[in-house]
Each structure stands twice: as C-alpha cells, then as structure tokens.
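# Notes for the structure review
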Amino acid sequence: MKTPVRPLFATLLAAVALVSARADDAPDLAAGEEASAMCQACHMADGSRGLPENPILQGQIPEYLAKQLREYQSGKRVNEIMQGMAAAVDDKMIRDITAFYGAKPPVAGEARNKDTVLLGEAIWRGGIADRKIPACAGCHGPTGAGIPIQYPRLAGQHAEYTELQLRAFRSGERANNAQMTGVAAKMNDREIQAVSDYIAGLR
C-alpha cells in the first residue's frame, strides 16, 4: 500500500520545523560570553571568585540560573540590582548567559573554620533530627553538585553568600523557595554559619 504523498510531505515539513525550533533553542556560548559583560562587575569575567557577598556562577546549573533570572523578572525573588539587570535580558539572552556560566568548570573553595566543620558536616549529611531539618545532601547531592532547575550547585560557593541566603530565607526576605524557608526557619546562627562554611569546602 502506497503512502499518500500529501500526508508524507506534511510529516516531513513538521520534522524540519521541529529540528529548526530545536536549533533555535540551542544556547550560543559565544553570545552568552558577550552578553555576560553586564554581569562582570559583580561576578567577574568568568563568574568565578568576586566579592563574597555575590554568588559564584561558574559551573552553576544553567536551568537553575535561568529560573532565578526569571524570578527576578517576575518579582518573585527580590533584589534591586538583580531585578534591574534581569529586566534587560530576554529569553534567548538568559539561555545563552546561563549556558556560558554553566559550561565553565566548577571552582574549588575551602572551609575556613576548623571549630565548626564537624557540625557543618553533620548538618549537610544528616540534617538535624530533633527539629526535622533534612540533610542538605538529600537535595543538593552528596558532593554539592545540585540537581537541575530546583537545586543549585553549592559546592565551593562563598560561605558568606550561602550564609546571607539562609538568613534571608529564615527572615522571609527571600521568599522564592518555600522548602528552603521552612528549613532555614528552624536553624540558629551557629548552625547556619557552620554549614555555610562546610559547603564552601565541598568538592
């Protein structure tokens, strides 16, 4: 039985259109590098170790970075500087910039407080059972590599930045992740500092 020419032609056109759409969606790392010039004042040229109050972007999961930029755009995540920066990028720029940073090899950091490293490790690996705080590793992975979209890479991140974010979740200042708000709300300052420092040395 012969296949009708018209349906076959329509199928071929649909396939070509799908391939074309996928090609258009593919990130352009060169364009991402160029567009990232607007990010360099705070995050350095390659997204590596700038000021400790600013996150390291090098090696971060692209889908997670894109989610954060879109939440700055929508106002779900609030930061005056980042909301202004996010307002200046479209979907293609977001795709290219986040792919550029995500393609960079992750950076290694180090824990600096030997007095709290065991507490930080215990929270990372096992949580805090009596307050029903889950292990950080359960969502972010044993090595802190993260899980695309929802859970960022944390390994090597500035301890100061991680601490700032946990405090912001605890206070409600950062409200774009209900799970993290619930976790941080149960943690005291010493626990936040300990796990933030431990995370900086994960690799």
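Residues numbered from 1 in each chain as written. Predicted model: local features only at pLDDT ≥ 70, side-chain atom pairs only at ≥ 80, totals over all residues. Heavy atoms only, no water.

## Quick notes on helix 4 (residues 62-74)
When the terminal C-alpha atoms of helix 4 are compared, their 18 Å separation across 13 residues agrees well with the 18 Å that a helix rising 1.5 Å per residue should span. Every buried residue of helix 4 is listed here: Tyr64, Leu65, Ala66, Lys67, Gln68, Leu69, Glu71 and Tyr72. Here the buried face of helix 4 lies against helix 5 (80-86) and helix 6 (91-102). Looking one or two places after helix 4, you find Gly75, whose phi comes out positive at around 90°. (Helix = DSSP H or I, 4+ residues; strand = E, 2+ residues; numbered from the N terminus. Expected span 1.5 Å × (residues − 1). Buried < 20%, exposed > 50% of the residue type's maximum accessible area, 1.4 Å probe, protein only. Contact = heavy atoms within 4.5 Å.)

## Examining the environment of Leu29
You can see Leu29 is positioned in helix 2 (residues 29-35). Between the alpha carbons of Leu29 and Ile97 there is a distance of 7.3 Å; along the sequence they are 68 residues apart. Not counting residues up to four positions away in its chain, the partners in contact with Leu29 are Ala99, Phe100 and Ala103.

## Some words on the nonpolar core
Counting residues in each nonpolar core, the largest one holds 18 residues, and the members touching the most others are Ile123, Trp124, Met187, Val195, Ile199 and Leu202. Taken together, the elements giving at least two residues each to this core come down to helix 7 (117-126), helix 9 (159-171), helix 10 (178-185) and helix 11 (189-200). A per-element tally of this core places helix 11 first, with four residues. Residues within four places of Leu202 in sequence aside, it is in contact with Trp124, Pro142, Thr143, Gly144, Ala155 and Gly156. Residues Ala35, Tyr72, Ile94 and Tyr101 belong to the second largest nonpolar core, which totals 13 residues. (Core = buried A, V, L, I, M, F, W, Y, C linked by side-chain atoms within 4.5 Å.)

## Remarks on the side chain of Asn54
Within the fold, Asn54 resides in the loop between helix 3 (40-43) and helix 4. For Asn54, a relative accessible area of 19% corresponds to the buried category. Within the local environment of Asn54, its side chain forms a polar contact with the backbone oxygen of Cys42, the two atoms lying 3.4 Å apart. Those residues in contact with Asn54, other than ones at most four positions away along the chain, are Cys42, His43, Gln157, His158 and Tyr161. (Polar contact = N/O pair within 3.5 Å; in protein donor to acceptor, adjacent residues only side chain to side chain.)

## As for the environment of Val78
Looking at where Val78 falls in the secondary structure, it is placed in the loop between helix 4 and helix 5. Separated by 97 residues in the primary sequence, Val78 and Ala175 place their C-alpha atoms 8.4 Å from one another. Apart from the residues lying within four places of it in its own chain, the contact partners of Val78 are Tyr72 and Gln83.

## A few points about helix 6
A rise of 1.5 Å per residue sets the reference length of helix 6, with its twelve residues, at 16 Å; its end C-alpha atoms lie 16 Å apart and thus fit the reference within 8%. Buried residues of helix 6: Ile94, Asp96, Ile97, Thr98, Ala99, Phe100 and Tyr101, and no others. Elements that come into contact with the buried residues of helix 6 comprise helix 2 and helix 4.

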